[in-house]
Amino acid sequence: MGSLAILARELGFQVSGCDENVYPPMSTQLEEQGIALFQGYDPATLNPAPDLVVIGNAMKRGNPVVEYVLDKGLPYVSGPEFFARHIAPERWVLAASGTHGKTSTSSMLAWILDCAGMSPGFLIGGIPKDFGISARLGSTPFFVIEADEYDTAFFDKRSKFVHYHPRTLIINNLEYDHADIFDDLTAIQRQFHHLVRTIPGSGRIIFPASVPAIDQVMARGCWSEQESLGGEQSPWQAVKITEAGNEFQVLHLGVIVGTVQWQQEGDHNVANALAAIAAAHHVGVLPDVACAALSQFQGVKRRMELVDEVGGVRIYDDFAHHPTAIATTLAGQRALLGDKANIRVIIEPRSNTMKMGVHQETLVAATAQASEVIWFEPQGLDWPLAQCVADNSPVKATVMDSTQAIVRYLTDTATAGDHLLVMSNGGFEGIHARLVSALNEKYPR
């Protein structure tokens, strides 16, 4: 919604908005763009009455602003519908979908197109460091969008991505998530097939080979070009030169067409990159140009972002929300840093799926590549985190119910060479900055 607000402002609208618990980098970005942001849901923010209210999918019936909009008969749309009406027409939309990697892949794709001189527009859930902003209209018909399967709004329970009508579609992966709105994987697959049905015959769907959940979606019917990634018979393949994946070769139709040497690591990012290269190729970008662009790619804020280094202790921020994302990120870090590195992970189970305990059996096991894990147990967790950690943790682990206690413990025990990796899809009570501040007191600069 923050990214969409930026696009609306660029279209010429006067934009303001309200929300709860808005935190950097999005809050900072909105302020820099001159968009008024009101804390909380006071109907007074809708006086004088706006021409249009764009309602995000976090808003439910009973919310004071939602009730005011309905009572007063104010015109309203969902965010995806606003995109479909005001931005998508006459554009070649390239969409990155999947359970994991949407933000990173869409950021990579936008950067590749930009480096190729195509000046794309984009709408991304995070902030790519190369652009310093999460959305722009661009100056050509090409538009890259992060395509989310979460539902659209309280009045539209279809997945958001069915509104986007892409011509180029990436399906990165497909696992069970969003347990608050989907009963099972089949329900998610149904939404993905709705998306597949919107791709024109001349469009292209790009997806990894031999992923049963994706293959089942495609088997329901596909009327567009298909291009697979990573399989023995796939037109696109990646071969790692280094175990960490920070250098790899790209093969197209069995021929080496480029090499990427970049700042990212992990098999998941190599897979994201291959998908972005294939999608860019669909709109005419040569693979060697795409590889050169990715070699300059700086990454995305809150995706394994180094926040600071104090006294030889490194603090990272990672937007984690699913066991697979945690496991692949830690595997990449372990491959990069080596077996002896002290990787200490701090995890907040914040997503709705995590809070419900849907993945509790695999969540704790996903931390096997860490040296130590500190679990934050928030109020209202629907499952026995401490018991699961005690029974199943593959590494040293502690459960704490206070971020103050976590900061104090890490400050007391951190030594030079430690890597403190904070994983949460929220603000986590500002724990990153608090760790930096506490460590600065311990290790004055």
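Scroll up for the structure.
Residues numbered from 1 in each chain as written. Predicted model: local features only at pLDDT ≥ 70, side-chain atom pairs only at ≥ 80, totals over all residues. Heavy atoms only, no water.

Novice: Requested: an account of the overall build of the protein, with residues and values cited.
Specialist: When its secondary structure is counted, the protein shows 15 helices and 22 strands. Relative to the 2.2 N^0.38 estimate, which gives 22 Å for 445 residues, the radius of gyration of the protein is 22 Å and therefore close to what a compact globule would have. If you line up the protein on its principal axes, its C-alpha atoms span 60 × 55 × 45 Å. Counting over 445 residues, the protein shows a buried share of 53%. Look at the contacts in the protein between residues 6 or more apart in sequence, and 65% of them connect residues 24 or more apart. Looking at the protein as shown, the accessible area adds up to about 18600 Å², and 48% of this sits on carbon and sulfur atoms. Averaged over its 32 positive side-chain charges, the protein has a centre that lies 2 Å from the centre of its 49 negative ones. (Helix = DSSP H or I, 4+ residues; strand = E, 2+ residues; numbered from the N terminus. Rg over C-alpha atoms; globule rule 2.2 N^0.38 Å. Buried < 20%, exposed > 50% of the residue type's maximum accessible area, 1.4 Å probe, protein only. Contact = heavy atoms within 4.5 Å. Areas by Shrake-Rupley, 256 points an atom, 1.4 Å probe, with all protein chains shown as cover. Lys, Arg positive; Asp, Glu negative; His and termini not counted. Charge placed at Lys NZ, Arg CZ, Asp CG, Glu CD.)

Novice: How would you sum up the nonpolar core? Please name residues and give values.
Specialist: One finds F83, L109, I112, L113 and L294 to be the most contacted residues of the largest nonpolar core, which totals 82 residues. If sequence neighbours within four positions are ignored, L294 has contacts with M108, I112, V260, W262, A273 and I277. Membership of the second largest hydrophobic core comes to 24 residues, among which are I326, A341, I347 and V389. (Core = buried A, V, L, I, M, F, W, Y, C linked by side-chain atoms within 4.5 Å.)

Novice: How would you summarise the environment of Q191 if you had to cite specific residues and measurements?
Specialist: Its place among the elements puts Q191 in helix 6 (residues 185-197). On a C-alpha basis, the gap between Q191 and Y150 in space is 9.4 Å, while along the polypeptide they are 41 residues apart. Residues within four places of Q191 in sequence aside, it is in contact with R158, S159, F161, V162 and F182. A distance of 3.0 Å separates a polar atom in the side chain of Q191 from the backbone nitrogen of S159. (Polar contact = N/O pair within 3.5 Å; in protein donor to acceptor, adjacent residues only side chain to side chain.)

Novice: How would you sum up the pattern of salt bridges? Please name residues and give values.
Specialist: By the definition in use, this model includes 16 salt bridges. D151 is the salt-bridge partner of K157, the closest N and O atoms lying 3.0 Å from each other. Taken together, the salt bridges that share partners define one network made up of R204, E225 and E227. (Salt bridge = Lys/Arg side-chain N within 4 Å of Asp/Glu carboxyl O.)

Novice: Quick one: what's the story with the packing of helix 14 (residues 403-413) against helix 15 (residues 431-442), residue by residue and with numbers?
Specialist: At a minimum axis separation of 10 Å, helix 14 and helix 15 run at an interaxial angle of 35°. For the element pair helix 14 and helix 15, the recorded crossing hand is right-handed. Contact residues: T403, Q404, I406, V407, L410, T411, D412 and T413 in helix 14; I431, R434, L435, A438, L439 and K442 in helix 15. Each residue belonging to the contact of helix 14 with helix 15 can be placed in one class, and the counts come to 7 nonpolar, 4 polar and 3 charged. (Axes fitted to C-alpha atoms, helices over the stretch in contact; angles between N-to-C directions. Left-handed = near helix turned anticlockwise from the far one by under 90°. Nonpolar A, V, L, I, M, F, W, Y, C, P; charged D, E, K, R; others polar.)

Novice: I'd love a proper account of the packing of aromatic side chains, names of residues and values included.
Specialist: Summed over the entire model, instances satisfying the criterion amount to 12 aromatic pairs. Where F83 meets Y164, the ring centres are 5.3 Å apart and the plane angle is 75°; that geometry is what we call edge-to-face. Here F83, found in helix 4 (residues 79-86), pairs with Y164, found in the loop between strand 10 (156-159) and strand 11 (168-171); they are 81 residues apart in sequence, far enough to count as distant. Accessibility expressed as a relative area gives 6% for Y164, which makes it buried. Pairing F154 with F155 gives two aromatic rings, centres 4.9 Å apart and planes at 90°, and the pair type is edge-to-face. A relative accessible area of 30% means that F155 is categorised as partly exposed. (Phe/Tyr/Trp six-rings, centres within 6.5 Å; stacked < 30°, edge-to-face > 60°.)

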